[in-house]
Amino acid sequence: MRARARRAGAGTWDRLAASDPGLLRLMAGLRTVAAVALSLLVLALLGTGVTYLVAGAMTAMVSTFAIKEKQVRGQAVTLALGLPVALAAMSLGALLSARIIAGDALFVALIFAAAYSRRFGERGTALGLIGFQMYFVALFVGAEPADLPVLWKTLAIASVCSAIVRFAVVPETPQRVLKRLRDAFRARLAQVVTSQIELLDAAPEQLDKVVDDLRRRTARLHEAALMIQGRLEEGTRDAATAALLQRRVADAEIAAERLGVLLLNARGAERADTLTLHLPNAPVPATENLVRSPDGDAIGTLRRDLNALHLLVARSGSDDRGTALAHVRNRLLGYRDEERLPRASDAVQDVFRGIGEMARAVLGLRLALDGPQDESGDSPATTRSREEFDAEDVSLAHPEKPEKPEASERREEPEESGQPEGKVRTGLRRPTTRAAFQVSVGSVLAIVGGEFLSSQRWYWAVLTCWVVFLNTASTGEILVKGYRRLLGTVLGVVAGVLLAGLVGDHTWLAFTLVLVFIFAMFFTAPLSYALMSFFVTAMLGLLYTLLNKYSFAVLVLRIEETALGAACGIIAAVLVLPVHTDRRTDELLGTVLDRLGEVVSAAVAQLSGGPAADLLTMARDLDTALDDLRDSTEPLTHPISPLRVRRRTVRYLVALLETCAYHARSLAATAELVPHSRRVTADPRLGRAGRRIAHNIDVLAAHVKDAKAEGAGEVESGASIASMLRTDASGAPPSDTVTARVLRHLQRLDEGVVGLARPLGARVAGRAERKATRD
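The rules behind the values
Residues numbered from 1 in each chain as written. Predicted model: local features only at pLDDT ≥ 70, side-chain atom pairs only at ≥ 80, totals over all residues. Heavy atoms only, no water. Helix = DSSP H or I, 4+ residues; strand = E, 2+ residues; numbered from the N terminus. Buried < 20%, exposed > 50% of the residue type's maximum accessible area, 1.4 Å probe, protein only. Areas by Shrake-Rupley, 256 points an atom, 1.4 Å probe, with all protein chains shown as cover. Phe/Tyr/Trp six-rings, centres within 6.5 Å; stacked < 30°, edge-to-face > 60°. Lys NZ or Arg CZ within 6 Å of the ring centre and 35° of its normal. Salt bridge = Lys/Arg side-chain N within 4 Å of Asp/Glu carboxyl O. Axes fitted to C-alpha atoms, helices over the stretch in contact; angles between N-to-C directions. Parallel < 35°, antiparallel > 145°, perpendicular 65-115°, else oblique. Left-handed = near helix turned anticlockwise from the far one by under 90°. Contact = heavy atoms within 4.5 Å. Polar contact = N/O pair within 3.5 Å; in protein donor to acceptor, adjacent residues only side chain to side chain. Core = buried A, V, L, I, M, F, W, Y, C linked by side-chain atoms within 4.5 Å. Expected span 1.5 Å × (residues − 1). Patch = residues over 30% accessible without salt bridge, like charges linked within 9 Å, V, L, I, M, F, W, Y side chains within 5 Å. pLDDT = per-residue confidence, 0-100.

## Thoughts on the overall build of the chain
- If you tally the helices and strands in the chain, you get 28 helices and zero strands.
- Evaluated residue by residue, the chain yields a buried proportion of 55% over its 775 residues.
- A total accessible area of about 33400 Å² is found for the chain, and carbon and sulfur atoms account for 58% of it.

What follows is the structure, given as structure tokens:
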């Protein structure tokens, strides 16, 4: 009974870890709620009035969520600097409360400074946000000069409470975050294997749903891998440990994605394309019932081994006891030897090989996370895998000098987020400078329009104009964010009306619901901006009730001011130093193609016997650039976009790039094995095969950067990659498994790069010649 309860608890924890990698959303919500609750408790014990309780709660909330630095020391410094900034902003808001023009002018100047301060990194962003929000709090509570002594005390208490919660009650260190992210990666990896088991047995009418689940879970696994990558520098003790964990996570991610493709191939009457796992609603190849196929006997073994693989993935290192798991691991790793494969068709045997590689990746991940384990029950196949890992560990501990500088040395560190890599902007072309002017102009419009709607609540329009510019970089992103905020506000007003009637004069019930909504705000913020806006508006309805300023007209005015603020933000984005979505996506697309070319060229060079390079870091740079591109295309793929054909084209283009990135990552991971693996050896012939791919990527990058250029060249197509290499006397490609896999990745990459030419409008030499022949 106790064991069953423990397994149930572990399963629940795994689901929570998988849904919230690193528990970042949960911890953010708990930390903010705890800071607000502690502030309210201390202020209430001191007999503080309701107005000051509201000011203290909002101060604690802002002081907690504004600080995003990863290192504890940096958080402490920013929090210490934030208090004088908050006191100054609150004081100015109170002193200028009766001087409308001077107060409005100062508010606009403060907004400009807050937006511009983002160029100074996370600390500048946090201090700017605290200054803006505290001036807003002064307007919200109606602060006056006579209130300042009590307000100063309230702000100081709230800041101290925020520090106590951050550093003592809900502490957060980079090492803890990284550990939880590793647990999340393992949980999501287990979910991917679960979907693969479902894919094996799915009926034809269920296949689309199962593949959609597999596609979604594979994307979530990739997201967890990127989150780990972003925490390695701060969360590990040295560069060698970070490189080792990076390598093992990349191996597991690639092996899981490859196993999914191999299962699709085994299910299909025709060979599946990797694009199926990246393009939403992509057609699934015609399928057959594997149990009734000639491979039916092997399918039972395959199902058993996939369940065994899930067991290996789901068990943590502390649960790895006894000989049962060792026996399972030995059996699965045995599939890396050709003679141990069951008798079946080539497609089904490929799945068994994929299981063997996946078992090897899981073993490597466990060694990296949990350290050395009992080797007494190892089979020869397991021993060989451990020896390969030992050789890799030595190479990581004593790396050769890479062919290219590290990512941090190849280019200057971007001065601000959202800036394409390699482009350093100055003056008005700098993103933060441009955003500061845009939001300032929008705020002026919002102040003027807001005063016409209400001389008491005009600041809601300014707040909306401010927030639509946060974490946005193009006109389209601002439009979508404004739409989501308005939608969430309308729904929140409905909830606020209902809650105000239920709460009535029960002050502490209202504060309790405020805490619930604060937690919901921060827990849902990364998932849905509309949902977060809903909770914000519902919370504000409760705060107005506490301040005895609630009425239905006030909440309706909230909708009107929100719509006005969003409109002012959009107008400013369109008219003041505009950054059109097309231009931004083209810049980011050019960066993605550059990174793709770097990874492919370096990987092929190393596979051909060239010098070593830091391939996995380069591959992660590609992934980061691709994520930036995906985010920038969201306005083009959003349901509110009326251009349906363009929406489908953009989705296809991004999916095709994700497919190319997968094959590039696979090539990079294989190439990194060359210096120290007995199974992977360099083949000089591969250099010739990679030249066409590198040329085509360069042509596409040049075309994207200057579509009107005449000398961009043409994309070359022609014979398959395998036929470009020498073959043996029978005319068959090389039979070595790893070589064949490299050829498959190169072939798919070649097809994907050529496929990019059509949506990008680039010329393809082969097509032009065929068209001329037909004419």
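## Side note on the packing of aromatic side chains
- In total, this model carries 21 aromatic pairs according to the counting rule given.
- Taking 6.2 Å as the distance between ring centres and 75° as the angle between the ring planes, the aromatic pair formed by Tyr116 and Phe120 counts as edge-to-face.
- Residue Phe120 is classed as exposed on the basis of its relative accessible area of 55%.
- It is Lys481 that lies over the ring of Tyr529; its NZ or CZ is 5.0 Å from the centre.

## Concerning the pattern of salt bridges
- Taken as a whole and assessed by the stated rule, the structure comprises 36 salt bridges.
- Note that Asp337 and Arg340 form a salt bridge whose closest N and O atoms lie 3.9 Å from each other.
- One salt bridge connects Glu751 with Arg748, and the closest N-O pair in it is separated by 3.7 Å. With a gap of three residues between them, Glu751 and Arg748 both fall in helix H27 (residues 737-760), about one helical turn apart.
- For Glu751, a relative accessible area of 38% translates into the label partly exposed.
- If you follow the salt bridges from partner to partner, you end up with Glu253, Glu257, Arg620, Asp623 and Arg665 in one network.

## Here's the deal with the packing of helix H22 (residues 581-607) against helix H25 (residues 644-671)
- Between H22 and H25, whose axes approach to 9 Å, the crossing angle comes to 25°. By the criterion of interaxial angle, the relationship of H22 to H25 is roughly parallel. Handedness of the H22/H25 crossing: left-handed. Mapping the contact onto sequence places Asp582, Leu589, Val592, Leu593, Leu596, Val599, Val600, Ala603, Gln606 and Leu607 in H22 and Arg646, Leu653, Leu657, Cys660, Ala664, Leu667, Ala668, Thr670 and Ala671 in H25.

## Comments concerning the side chain of Glu69
- Relative to the helices and strands, Glu69 is located in the loop between helix H3 (50-65) and helix H4 (72-95).
- Within polar-contact distance, the side chain of Glu69 engages the side chain of Arg123 at 3.2 Å.
- With residues up to four places along the chain from it excluded, the contact list for Glu69 reads Gly74, Gln75, Thr78, Glu122 and Arg123.

## What about the nonpolar core?
- Met90, Phe140, Trp466 and Leu543 are the most contacted members of the largest nonpolar core, which has 95 residues in total.
- Excluding residues within four positions of it along the chain, Phe140 makes contact with Val54, Met58, Tyr459, Trp460, Leu540, Leu543, Tyr544, Leu547 and Lys549.
- In terms of nonpolar packing, the next biggest core, distinct from the first, is built from 60 residues, Val192, Leu207, Val210 and Ala381 among them.

## Here's the deal with H3
- Counted at 1.5 Å a residue, the expected span for H3 with its 16 residues is 22 Å, and the 23 Å between its end C-alpha atoms agrees.
- Within H3, 14 of the 16 residues are buried, which leaves the element mostly enclosed by the surrounding structure.

## Quick look at a nonpolar patch on the surface
- Among the surface-exposed residues, Val441, Leu445, Ile571, Val574 and Leu575 lie close enough to one another that they form a single nonpolar patch of about 400 Å² accessible area.
- For the nonpolar patch, the elements supplying multiple residues, two or more each, are helix H16 (431-453) and helix H21 (552-575).
- Here the nonpolar patch gets three residues from one element, more than from any other, and that element is H21.
- Inspection of the secondary structure assignment puts Ile571 in helix H21.
- Look at Ile571 and you get partly exposed, because its relative accessible area is 40%.

## Structural notes on the confidence of the model for the chain
- Mean pLDDT over the chain: 83, with 84% of residues reaching 70 or higher.
- Across the chain, the secondary-structure element scoring lowest on mean pLDDT is helix H15 (residues 407-410), at 38, and the one scoring highest is helix H7 (residues 148-169), at 95.
- Between residues 403-418, whose pLDDT stays under 50, and residues either more than four places distant or in other chains, the model counts 28 contacts.

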